[in-house]
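# Observations on the three-dimensional arrangement
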Amino acid sequence: DYGTDASLSTGAHITIEAIVKREGDGATGTILDYICDKGLDAGYEFAIFRGNLKPWCRLANAASSIAVAFDTAITNDNFFYLGVVLDGTNILCYQQGLPDGSDSWIGGDIRTNAAHLYGGGRGIDNDRIFNGSTGELRISNTPRSAAWLKATYHTCWDNLLTFAESMPISNVSRRARP
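A brief report on the enclosed structure follows. Just so you know, these numbers come straight off a predicted model, no measurement behind them.

Hydrogen bonds along the backbone pair up the strands of a sheet, which may run parallel or antiparallel. A sheet is described by the order of its strands in space; here five strands give the open sequence 9-8-7-2-11, paired in antiparallel fashion. Of all the strands in the sheet, the pair left with one neighbour each is strand 9 (98-104) and strand 11 (132-140). Recorded for the sheet is a direction-independent mean angle of 15 degrees between the axes of neighbouring strands. Pairing of strand 2 (residues 14-22) with strand 7 (residues 79-86), which is carried by eight bridges, proceeds in the antiparallel orientation. Across the sheet, residue Ile 14 finds its bridge partner in strand 7, namely Leu 86. Against the sheet, helix 1 (residues 146-156) makes contact with strand 2, strand 7, strand 8 (90-95), strand 9 and strand 11, and its axis sits at roughly 30 degrees relative to strand 2, the strand it touches most.

Structure follows, in structure tokens:
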């Protein structure tokens, strides 16, 4: 799928989040693609390597580009929460709400134009189709904090707060409102 004129002016700040499940082997699968031109000299791509199943993200400005790989591979047939944050200085990778790789940013703003934003494959050559499911995909021009990404991961799996069934109600503290 794709959107037309999906230009998001991110400057040197971006957060990309995805909940994905890879469902089999195949080529490198692109989750999100916004590359301004065939030269790959600006924009971003978020994908999973074919060989080692490590997520990675390429961010680029008009002068240069950098690809940063996550430290940990994902497994097939399981959902994973993945996040990439560009905070203006560093590219930070998160998996399941925890830090999972980083690199220094090359500097400058991510260039944008009226290029299409593609989900589930790479739009330049209509290839690198993601072999799996995407539960959610979010992009923001705000660099999210590690705590924010961790809380988002936990809310996606609905495990922010749990109560034991055997806990008696008398153990629950109640305070009167002022």
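Quick look at the pattern of salt bridges now. Under the counting rule described, the total for this entry stands at three salt bridges. Here Lys 21 ties to Glu 23 by a salt bridge, and the two come within 3.9 Å at their closest N and O atoms. A relative accessible area of 37% means that Glu 23 is categorised as partly exposed. For Glu 136, the salt bridge identified is with Arg 138, shortest N-O distance 2.8 Å. Exposure remark for Glu 136: the relative accessible area of 36% places this residue in the partly exposed category.

On to the pairing of strand 4 (residues 43-48). On any regular strand, side chains alternate: one points to one face of the sheet, the next to the other face. Here strand 4 lies mainly inside the structure; six of its six residues are buried. What you see with strand 4 is no split at all: Gly 43, Glu 45 and Ala 47 on one side and Tyr 44, Phe 46 and Ile 48 on the other are buried throughout. Taken together, the six bridges between strand 4 and strand 5 (residues 55-60) define a ladder with antiparallel strand orientation. Each bridged residue has a counterpart across the sheet, and for Glu 45 the counterpart in strand 5 is Arg 58.

Another point: the environment of Phe 70. Along the polypeptide, Phe 70 turns up in the loop between strand 6 (65-69) and strand 7. Sequence separation between Phe 70 and Pro 55 is 15 residues, and the spatial gap between their C-alpha atoms is 5.5 Å. Every residue in contact with Phe 70, bar those within four places of it in the chain, is listed here: Phe 46, Lys 54, Pro 55, Trp 56, Leu 82, Gly 83, Val 84, Cys 93, Tyr 94, Gln 95 and Asp 100.

Relative to the elements of secondary structure, Pro 143 occurs in the loop between strand 11 and helix 1. Between the C-alpha atoms of Pro 143 and Gly 88, which are 55 residues apart in sequence, the distance is 8.3 Å. Beyond its immediate sequence surroundings of up to four residues, Pro 143 is in contact with His 13, Ile 14, Thr 15, Val 85, Leu 86 and Asp 87.

Quick notes on the rules
- Residues numbered from 1 in each chain as written.
- Predicted model: local features only at pLDDT ≥ 70, side-chain atom pairs only at ≥ 80, totals over all residues.
- Heavy atoms only, no water.
- Pairing = 2+ DSSP bridges.
- Helix = DSSP H or I, 4+ residues; strand = E, 2+ residues; numbered from the N terminus.
- Axes fitted to C-alpha atoms, helices over the stretch in contact; angles between N-to-C directions.
- Contact = heavy atoms within 4.5 Å.
- Salt bridge = Lys/Arg side-chain N within 4 Å of Asp/Glu carboxyl O.
- Buried < 20%, exposed > 50% of the residue type's maximum accessible area, 1.4 Å probe, protein only.

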